[in-house]
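# Geometric and topological summary
Below are the chains, spelled out letter by letter.
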Amino acid sequence: MTQPVSANAAWRQRSLAAVWHPCTQMKLHAPEGVALPLIPVARAEGVWLHDHEGRRYLDAISSWWVNLFGHNHPAIRAALIDQLHTLDHVMLAGFTHGPVVELSERLAALTGLGHAFYGSDGASATEIALKMSAHHWRNAGRADKCRFVGVAGGYHGETVGALAVTDIALFREAYAPLVRLAATVPSPDARGAAPGETPADVAERAAAALGDWLAEHAHETAAVIIEPLIQCAAGMAMHDPVYLRRARELCDQHQVHLVLDEIAVGFGRTGTLFAHEQAGIRPDFLCLSKGLTGGTLPLSVVLTTDAVYAAFYDDEVARGFLHSHSYTGNPLACRAALATLDLFDQTDALRQNLGTSERLAAQFAPISHHPRVRHARRKGMVFAWDVLSSLPDFGRRYARHALAQGLLLRPIGHTLYAMPPYVIDEAEGELLARGALTALDATLAEETGPVPVSGVPDGV
Ligand SMILES: *Cc1c(COP(=O)(O)O)cnc(C)c1O
């Protein structure tokens, strides 16, 4: 008699046969010698992902940084069901609807940026911001201002246009001939501090380098693009807000747009609703996605100023911004976003998170003080630790041990991080902190080579 195939195994097999999974070397899932197990998920609730056989995993990275208030949140679910009863979708050219109007008004009130242009994913928001900036200058008679400058280690998505400003070799190298590379200036990453330097010193040094670059290239530059406060894909590289203040001053001085990509750090991750609030500045373009719908549906938005909007407002059609996506401003996604904004108000989430962040920091203390950990750091609800390890595939090995502990944690290179949903409670925090420590020791126990003694670990 043949062994009955388990529900998990059956879904895994069918997925591997038919689905090409993102950001994955598929051979790592190969049945012969699985380097990384593929986990079929049947349902999710709160911080938990449940498989088909009674195992559960604590989603400690919010499913790639999208989830805010836990999975399957009743308020967001109710809003979506209600919306499905009235309007599923309508094209946004020539038509409009309540959810997109209301969402745009609320985002304008929150950011001071009065015009909202919608896309579907983070990368499409990056594309929109870059195109809008260059087209703005063209409409202003400055077609020569069409280059961009980004920060070392920056990540802004993986479509061909977004890759131009994404400085992560692993994601870009194979496509280099397709990409019109942007310039790159040094990162304000606080880990780059020389002895005696503060994070603010590093930020000032990086800002000076941006200033030098702009002094030479501003005439041909449309915009500077920055991930404010945390460069997440670079390995949760954190910087002092003074960098953003200086970048704003430099952009004003040199007549260059400031694009802030808050796709990952927006909606409370860094402690404030938007990261740039901590620098007391306003960007010319703000890109939002990921947490925008609380992690339920794909939606992105680029918010911009009256001045940018006015440069497109004209009798001539071609001076308009003719960009579009089929699902631009999808009513369901907008309703999910409105329900998410309501949750910030109803739960006083930003203030609650202050306490949750402190509590988690205490629970994570054994990891922060682990002899192999360097640069323990935290901003809001983002926690990160660099691990000294001789294992080149530390991240993958760690992820496997974390799954064995019932945790979804995927280090970036040698950087272990946690970015849990805001609703994580004390007991769940304890499970996370203990399991993460156990997985760390289990991974390090697999080492065979000598341990490196110092240094900022490599990226992805
Ligand atoms: C995830 C991310 C993107 C890309 O968003 P997608 O929805 O994956 O296309 C862009 N910028 C930052 C900072 C991100 O973290």
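Going by the structure above, here's the rest.
All of the points below concern the structure found in this document. (Residues numbered from 1 in each chain as written. Predicted model: local features only at pLDDT ≥ 70, side-chain atom pairs only at ≥ 80, totals over all residues. Heavy atoms only, no water.)

### A look at the overall build of the chain
The cut-off we apply is this: In this description a helix means any DSSP run of H or I spanning at least four residues, a strand means any run of E spanning at least two, and both kinds are numbered starting from the N terminus. Our radius of gyration looks at C-alpha atoms and nothing else; its globule reference is 2.2 Å times the residue count to the power 0.38. Relative accessibility under 20% of the residue-type maximum defines a buried residue, over 50% an exposed one, and the middle range a partly exposed one, all with a 1.4 Å probe and only protein chains included.
Counting its regular elements, the chain contains 15 helices and 16 strands. For the chain, the C-alpha radius of gyration of 22 Å lies close to 23 Å, the compact-globule estimate for 460 residues. Principal axes of the C-alpha set define a box for the chain whose edges measure 75 × 60 × 45 Å. Taking all 460 residues of the chain together, the buried fraction comes to 52%.

### So, the site of the ligand
Cut-off, in case you're wondering: For each residue, the test is whether any non-hydrogen atom lies within 4 Å of the molecule or strand; if one does, the residue is near. We call two N or O atoms a polar contact when they sit within 3.5 Å, provided that within protein one can donate a hydrogen and the other can accept it, with sequence-adjacent residues counted only if both atoms are side-chain atoms. We get accessible surface area from the Shrake-Rupley algorithm with a probe of 1.4 Å; when it comes to residues, only the shown protein chains can shield them.
Taken together, Trp65, Asp121, Gly122, Ala123, Tyr155, His156, Gly157, Glu227, Asp261, Ile263, Ala264 and Lys290 make up the full set of residues adjacent to the ligand. In the environment of the ligand, a nitrogen atom lies 3.4 Å from a nitrogen or oxygen atom belonging to the backbone of Tyr155. At a separation of 2.6 Å, a nitrogen atom of the ligand approaches a polar side-chain atom of Asp261. Calculation on the ligand without its partners gives an accessible area of 380 Å², and the protein chains cover 84% of this total.

### Quick look at a nonpolar patch on the surface
Basically, it comes down to this: Residues qualify for a patch when their relative accessible area is over 30% and they have no salt bridge, like charges being joined within 9 Å and the nonpolar side chains of Val, Leu, Ile, Met, Phe, Trp and Tyr within 5 Å. Salt bridge, as used here: a side-chain nitrogen of Lys or Arg that lies within 4 Å of a carboxyl oxygen of Asp or Glu.
Together, Val160, Tyr175 and Leu178 give the surface a local cluster of nonpolar side chains, amounting to about 290 Å² of exposed area. In this structure, Leu178 sits in the loop between helix 7 (169-172) and strand 6 (183-185).

### Focus on the packing of helix 8 (residues 199-217) against helix 9 (residues 242-254)
Operational definition: Under this scheme, a helix contributes an axis fitted over its contacting stretch, all axes are lines through C-alpha atoms, and angles between N-to-C directions fall in the 0 to 180 degree range. Orientation is classified from the angle alone, with under 35 degrees giving roughly parallel, over 145 giving roughly antiparallel, 65 to 115 giving roughly perpendicular, and any other angle giving oblique. Helix crossings fall into two classes, left-handed where the near helix is turned counterclockwise from the far one by less than a right angle and right-handed where it is turned clockwise. Contacts are residue-level and defined by heavy atoms, with any inter-residue pair within 4.5 Å sufficient. Under the scheme applied here, ten amino acids are nonpolar (Ala, Val, Leu, Ile, Met, Phe, Trp, Tyr, Cys and Pro), four are charged (Asp, Glu, Lys and Arg), and all others, including Gly, are polar.
The interhelical angle for the contact between helix 8 and helix 9, taken along N-to-C directions, is 15°, at an axis separation of 9 Å. In terms of orientation, helix 8 lies roughly parallel with respect to helix 9. When you trace helix 8 past helix 9, the crossing you get is right-handed. Residue-level contacts link Ala200, Ala203, Glu204, Ala206, Ala207, Leu210, Gly211, Leu214 and Ala215 of helix 8 to Val242, Tyr243, Arg246, Ala247, Leu250 and His254 of helix 9. When grouped by side-chain class, the residues that make up the contact of helix 8 with helix 9 number 11 nonpolar, two polar and two charged.

### Notes on the sheet that holds strand 11 (residues 285-288)
Spelled out, the test is: Here, any two strands with at least 2 DSSP bridges between them count as paired.
Strand order in the open sheet made by the seven strands is 4-12-11-10-7-5-6, with mixed pairing throughout. With one partner strand each, in any of the chains shown, strand 4 (115-119) and strand 6 form the two edges of the open sheet. Between one strand and the next, the sheet's axes are offset by a mean angle of 20°, whatever the strand orientation. Bridge count between strand 5 (residues 147-151) and strand 6: three bridges; the pairing is parallel. Looking across to strand 6, one finds that Val149 is bridged to Ala183. Strands strand 4, strand 11 and strand 12 (300-304) of the sheet are contacted by helix 4 (residues 98-111), whose axis makes an angle of about 125° with strand 4. Against the sheet, helix 9 contacts strand 5, strand 6, strand 7 (221-226) and strand 10 (257-261), and its axis sits at roughly 150° relative to strand 10.

### Observations concerning the packing of helix 4 against helix 11 (residues 331-347)
At their nearest, the axes of helix 4 and helix 11 sit 9 Å apart, and the two run at 40° to each other. By the angle between their directions, the pair helix 4 and helix 11 is classed as oblique. Judged by the sense of rotation from one axis to the other, the crossing of helix 4 with helix 11 is left-handed. Residues Pro99, Val100, Glu102, Leu103, Arg106, Leu107 and Leu110 of helix 4 form the contact with helix 11, whose participating residues are Pro331, Cys334, Arg335, Ala337, Leu338, Leu341, Asp342 and Asp345.

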